[in-house]
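For reference, the chains in residue letters:
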Amino acid sequence: MPSIKFINELEKNHITSLYGLEKIIADDDDCEYLFEAANRVRQKFVKQEVHLKALIEISNTCARECFYCGLRSKNKGIKRYKMSAEEIVSRAKEAAMSGYKTVVMQSGESSAFKDDEICEIIREIKKFDVQITLSFGEKSFEQYRAYKKAGADRYLLRIETADRALYKALHPNMSLKNRIKCLENLRNLGYETGSGLLVGLPGSSAKILARDLMFLKKYDFDMIGIGPFIPAANTPLEHSKAGSIKLALKANALTRLLLPKINIPATTAIETLDPNEGRKMALRSGANVIMPSITQSRYRDLYKLYPNKFCLKESAAEIYDKFDEMLSLIGDKISLTNGNSVRFNQRRGS
Ligand code: 5AD
């Protein structure tokens with residue numbers, strides 16, 4: 001079996017060559033072996049516990065034109081919304097009262113919210129004694145600093161791909177250099193910093209994915225989310241082929257092997273491609289976080305990064321109970337800690 005020796009090396013040393021990664025990615029025969037190795041590493045370093053984090057999608061307005069994303073500014077086919085501060089804070093309160101230890105606020109990249117507004121919302125939510133994760137895209141150092149000072153704890157900014165040419169082809173008027181600078185700024189400001197990849201993008205390859213994974217390893221992120229590309233209507237890539245769930249799960253597993261102590265969500269895009277088994281498969285191949293959307297349904301349906309985006313219809317409390325039950329069936333349980341990654345706590349020396 002060609003890739004088993006590289007998988008074994010990864011399980012033992014958490015590193016292999018670029019060549020080894022590429023071999024594993026290109027070889028579909030040893031998938032189960034790879035997933036089992038990632039599951040063992042997950043159990044060993046982050047236990048059977050899953051962090052449940054409440055996602056609130058505060059606005060779908062976006063000034064960017066990323067070729068794959070349904071929220072791109074040129075998509076006139078969706079109604080844009082911006083939640084009010086009261087709506088956001090009351091949603092966050094509901095999450096805190098239902099047992100979630102983290103509230104994640106996500107939006108398109110825009111100035112729909114003024115920084116003062118965001119900071120005030122952060123301060124209000126902090127009163128509920130939860131950790132706050134932000135995912136608002138590329139902002140200046142000063143903006144990131146202001147959010148941090150207001151009480152934000154974590155930030156998610158996927159690199160999507162670290163391949164310069166592919167990055168440029170998919171992101172008009174953006175640069176890989178600035179994205180990396182943003183990630184460095186976040187790290188330097190003391191955020192628990194998350195990044196991640198879109199896999200199976202048109203123009204990508206096993207070699208590019210292997211390099212992307214090495215990039216994530218080198219930057220030693222605290223959290224990494226990996227999702228398959230799903231073609232979205234009214235985008236330049238609407239007729240392109242979707243990424244495969246298998247490739248996304250393999251990238252997920254390789255991420256766990258490379259970075260054993262970080263937090264890895266079972267992403268919504270994986271769930272969307274297989275609503276019955278996707279989440280479970282991700283949790284059994286390295287993932288240890290679930291981030292269900294608890295956005296009000298009238299907004300949730302408008303936050304369409306891609307079609308059929310998986311979401312549950314229940315309330316925050318019902319979703320919590322549902323996962324509690326689902327996780328106990330597979331031998332996992334919801335973590336009662338604050339949701340930091342083992343890696344971040346170690347970095348901080350606590
Ligand atoms: N398919 C899958 N994931 C997507 N995202 C955006 N558009 C798509 C798509 N068409 C992901 C990006 C972004 C995250 C918020 O959503 O990776 O970082």
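To keep things clear, this report deals only with the structure shown in the data block.

What counts, and at which threshold
- Residue numbers here run from 1 along each chain, matching the order of that chain's written sequence.
- Only residues with pLDDT of 70 or above have their local features reported here, since the model is predicted, and side-chain atom pairs are shown and tallied only from 80 upward, although totals for entire chains, interfaces and linings are computed over all residues.
- Derived side-chain values reflect all non-hydrogen atoms in the structure, with water molecules and hydrogen atoms excluded from consideration.
- For helices, the axis comes from a line fit to the C-alpha atoms of the stretch in contact; other axes are also lines fit to C-alpha atoms, and the angle between any two N-to-C directions lies between 0 and 180 degrees.
- Strands here mean DSSP runs of E at least two residues long; helices mean DSSP runs of H or I at least four residues long; both are numbered from the N terminus.
- Handedness of each helix crossing follows the sense of rotation of the near helix against the far helix: counterclockwise by less than a right angle gives left-handed, clockwise gives right-handed.
- In this analysis, two residues are considered to be in contact whenever any of their non-hydrogen atoms come within 4.5 Å of each other.
- In this count, Pro and Cys sit with the nonpolar residues alongside Ala, Val, Leu, Ile, Met, Phe, Trp and Tyr, while Asp, Glu, Lys and Arg are called charged and the others, Gly among them, polar.
- Partly exposed describes any residue whose relative accessible area lies between the buried limit of under 20% and the exposed limit of over 50%, with all areas from a 1.4 Å probe on protein chains only and scaled to the type maximum.
- Two strands are counted as paired when DSSP detects at least two bridges linking them.
- Here a crossover is taken to be right-handed if, once the strands point away from the viewer, the path from the first strand over the helix to the second is traced clockwise.
- Near residues are defined by distance, with any heavy atom within 4 Å of the molecule or strand qualifying the residue.
- Whenever two N or O atoms come within 3.5 Å, that pair is a polar contact, provided that in protein one can donate a hydrogen and the other can accept it, and provided that, for residues adjacent in sequence, both atoms are side-chain atoms.
- Surface accessibility in these figures is a Shrake-Rupley result with a 1.4 Å probe; residues are shielded only by whichever protein chains are displayed.
- A cavity, in this analysis, means grid points on a 1 Å lattice covering only the protein atoms where a 1.4 Å probe fits yet has no way out; a pocket is instead an open set bounded by protein on both sides within 12 Å along at least five of seven lines, and a residue lines either one if it has an atom within 4 Å of a point.
- Grid points are joined across faces, edges and corners, and a volume is the space filled by probe spheres set on the points.
- Whenever a carboxyl oxygen of Asp or Glu lies within 4 Å of a side-chain nitrogen of Lys or Arg, that contact is scored as a salt bridge.

With that settled, the discussion passes to the packing of helix α2 (residues 18–26) against helix α10 (residues 245–258). At their nearest, the axes of α2 and α10 sit 10 Å apart, and the two run at 145° to each other. Considering only the axes of α2 and α10, their crossing is right-handed. Along the contact surface, α2 presents L21, I24, I25 and A26, while α10 presents L247, K250, L254 and L258. Class assignment for the residues of the contact of α2 with α10 results in seven nonpolar, no polar and one charged.

Let us look at the pairing of strand β2 (residues 102–107). Looking along a regular strand, one sees side chains alternate from face to face of the sheet. The buried count for β2 comes to six of six residues, which makes it a mostly enclosed element. Across the two faces of β2 the burial is the same, with T102, V104 and Q106 and V103, M105 and S107 all buried. As paired strands, β2 and strand β3 (residues 131–135) are joined by five bridges and run parallel to one another. By the bridge assignment, V104 is partnered in β3 with T133. Viewed along the sheet, the connection from β2 through helix α5 (residues 115–126) into β3 turns out right-handed.

Our focus in this paragraph is the site of the ligand. Close contacts around the ligand come from Y68, C69, Q106, R158, E160, L198, P228, F229, I230, L305 and Y306, and that covers them all. Within the side chain of R158, an N or O atom sits 2.7 Å from an oxygen atom of the ligand. Protein coverage of the free-state accessible area of the ligand, which is 410 Å², stands at 88%. For the shell around the ligand, the per-class residue count stands at eight nonpolar, one polar and two charged.

Following the criterion strictly, the structure yields four cavities of 30 Å³ or more and no others. By volume, the second largest cavity is sized at about 90 Å³. I58, S59, S107, G108, S110, A112, F113, D115, I118, F136, K139 and Y147 together form the lining of the second largest cavity. At the level of elements, β1 (49–59) and α5 are the ones that each hand at least two residues to the lining of the second largest cavity. The residue makeup of the lining of the second largest cavity, split by class, is six nonpolar, four polar and two charged.

Inspection of the entire model under this criterion finds 24 salt bridges. Of the charged contacts in the structure, one is a salt bridge between R123 and E120, with a shortest N-O distance of 3.1 Å. Here R123 pairs with E120, and both are found in helix α5, just three residues apart, close to one helical turn. In this structure, the salt-bridge partner of D220 is R347, at a minimum N-O distance of 3.5 Å. Residue D220 is found in the loop between α9 (206–219) and β6 (223–228), and its partner R347 is found in helix α15 (residues 342–348); the two are separated by 127 residues along the sequence. The partly exposed category is assigned to R347, whose relative accessible area is 30%. Three or more residues joined by partner-sharing salt bridges are found here, namely R64, E109, E138, E160 and R179.

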